[in-house]
Amino acid sequence: MNGQHSGAVWTPMWVMLSVMILGGVSAVVMKMESLTDPGRSFALDVSRQLDIDDSLLHYTESEPIALPVTDAHSFAVGPDGHIVLCGEMSVIVLDDAGGLLRELPLQSRPRCVAVAGQRHAHQGRIYVGCQNTVEVFAADGAPVDSWSIDAKYPLLTAIAASNDRVYVADAGNQTVMVFDESGHRVEDIGSGFIVPSEYFDLSAEPNGLIHIVNPGARRIETYTADRKKESEWGQAGANMNDFFGCCNPVHIAMLPGGRFVTSEKGIARIKIYDDRGNMQCLVAGTQQLMQRHSTQTDGIQNELVLVADVFDIDVDPQGNVLVLDQARDEIRKFALVENKVFVENKVFVENKVNEP
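Everything numeric here is computed off the predicted structure, so don't read it as measured data.

A. Expanded view of the nonpolar core. Residues Tyr59 and Val261 are the most contacted members of the largest nonpolar core, which totals 18 residues. Elements represented by at least two residues in this core include exactly β24 (269-273), β25 (279-284), β28 (312-315) and β29 (321-325). With three residues, the top contributor of residues to this core is β25.

What follows is the structure, given as C-alpha cells:
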C-alpha cells in the first residue's frame, strides 16, 4: 500500500477535473500542469471516460470509518481486521470500527505499510517502509527489528509479506527487493519496470505469487516465488477495461479467490478484475470518489470542479473493499451487492459490455 513522497525526487502531476457548463452543454476536461515546462498546462476532454453505466457498479457504500488523525496517507488491513495507518511520524493501529488501539512512533516519516497474513511465519507482524529502512513490529506493537536499505536514493512505495518472504517496492530504483524473515536481502525482481512517478505497488498471495504493477506499461505482472514471470495483463487505453493516463494503476489489492482490485489516478476509479485480467465490475467511479466544488460568477454557477486524489485500497477479512479518502479523513467501505454476480469473459468498450 503506497504512501506519499515529501522529498524532491519526484515532481507530482497536478490534476483537476472540471465540468464546464457553457450554454447548457457540459464538457469534462482534465487540466494538467506540465512536468517539463513549469507554468504551462493543457486540457483534455475526458467526458466519455467519466460517464459510467450504473449496471457496472456492483458495490454499494456503507458507513465510513472516521479516522482519529488527519495525516493518514497509506494503510493496510491485518488478518484480524485491524487497520494500520501511516501518519506523519508514526503508525496508528485501529480496530475495525476505527477505535484507536495503539500508536507506534517512528524516527522518520512512514511511506507504506503491510501486515503479515495467516500463512506468514509471523502472523500480524507489521512492516513499515520509511526513508531508507523497513521498521518491523510484532502484532502487539513491540519493536522487533530495523532493516537498512542498501540502495542509491531509495523511494519505498509498497510492501507485501508472503510466507517467509517480504517484498519491498523501490520506485527510486525501479526494483522490488526480496527479504527473508530475518531481514536479509536475498534477491531482487527488477527487469523492465517503468516507474515514472511515485506510485509503484505490489501485492502478495499466500500461495507465494507476487503481483507487481508496472505502472508506465499500464499492466500487472505476476511472479512465482523463484522470480519467474508467470503472467502479465493490462494495457493502456481509453476503454473501461483499460488503464487510462500515463501510469496506472497506482494501487492494487487482492480479493479472496485471486481477483484483483485496482485503483487509478487522474480519472479516479476502482475496478475488479479476475485473475486473467478480465474486468468484472466497478467498485466506484469518479462521481462516487471525487470531491465536488462549485465556482460562481455573479451568483451563477459556471464550473463544477472535481478535485483529483489518489485512493489507497485494501480488502478486509469479509471481502469488503476499503478505500482511504484523505480529503475526508475516512476509510470508506464498499460491499458487493448481494444480487450482483461477477461478469465472466466480458470486454468493456465505451462503457458498454460486449462479448469478446
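Having seen the model, we can carry on.
B. A look at the sheet that holds strand β7 (residues 83-86). Strand order in the open sheet formed by four strands is β6-β7-β8-β9, and the pairing between neighbours is antiparallel. Of all the strands in the sheet, the pair left with one neighbour each is β6 (74-77) and β9 (100-105). In this sheet, adjacent strand axes meet at a mean angle of 20° when their direction is disregarded. Judged from the four bridges that link them, β7 and strand β8 (residues 90-94) form a sheet pairing that is antiparallel. Considered in β8, the bridge of leucine 85 is made with isoleucine 92.

C. Fine view of the pattern of salt bridges. What the rule picks out here adds up to 14 salt bridges. Of the charged contacts, one joins glutamate 221 and arginine 219 as a salt bridge, the two residues approaching to 2.9 Å between their closest N and O atoms. Assessed through its relative accessible area of 1%, glutamate 221 is described here as buried. Close ionic contact of arginine 276 with aspartate 274 constitutes a salt bridge, the shortest N to O distance being 3.5 Å.

D. Geometry of the layout of surface pockets. Its boundaries defined by the atoms lining it, the largest pocket holds a volume of some 850 Å³. Taken together, 33 residues form the lining of the largest pocket, with Val77, Gly117, Ala204, Pro206 and Met254 sitting closest to its centre. Looking at the lining of the largest pocket, the elements that each hand over two or more residues are β6, β10 (112-115), β14 (156-162), β18 (202-204), β22 (251-254) and β28. It is β14 that contributes the most residues to the lining of the largest pocket, four residues altogether. Of the residues contributing to the lining of the largest pocket, the split by class is 20 nonpolar, nine polar and four charged.

Cut-offs applied
Residues numbered from 1 in each chain as written. Predicted model: local features only at pLDDT ≥ 70, side-chain atom pairs only at ≥ 80, totals over all residues. Heavy atoms only, no water. Core = buried A, V, L, I, M, F, W, Y, C linked by side-chain atoms within 4.5 Å. Buried < 20%, exposed > 50% of the residue type's maximum accessible area, 1.4 Å probe, protein only. Helix = DSSP H or I, 4+ residues; strand = E, 2+ residues; numbered from the N terminus. Pairing = 2+ DSSP bridges. Axes fitted to C-alpha atoms, helices over the stretch in contact; angles between N-to-C directions. Salt bridge = Lys/Arg side-chain N within 4 Å of Asp/Glu carboxyl O. 1 Å grid on protein atoms, 1.4 Å probe; cavity = no way out; pocket = protein on both sides within 12 Å on 5 of 7 lines; lining within 4 Å. Points joined across faces, edges and corners; volume = space filled by probe spheres on them. Nonpolar A, V, L, I, M, F, W, Y, C, P; charged D, E, K, R; others polar.

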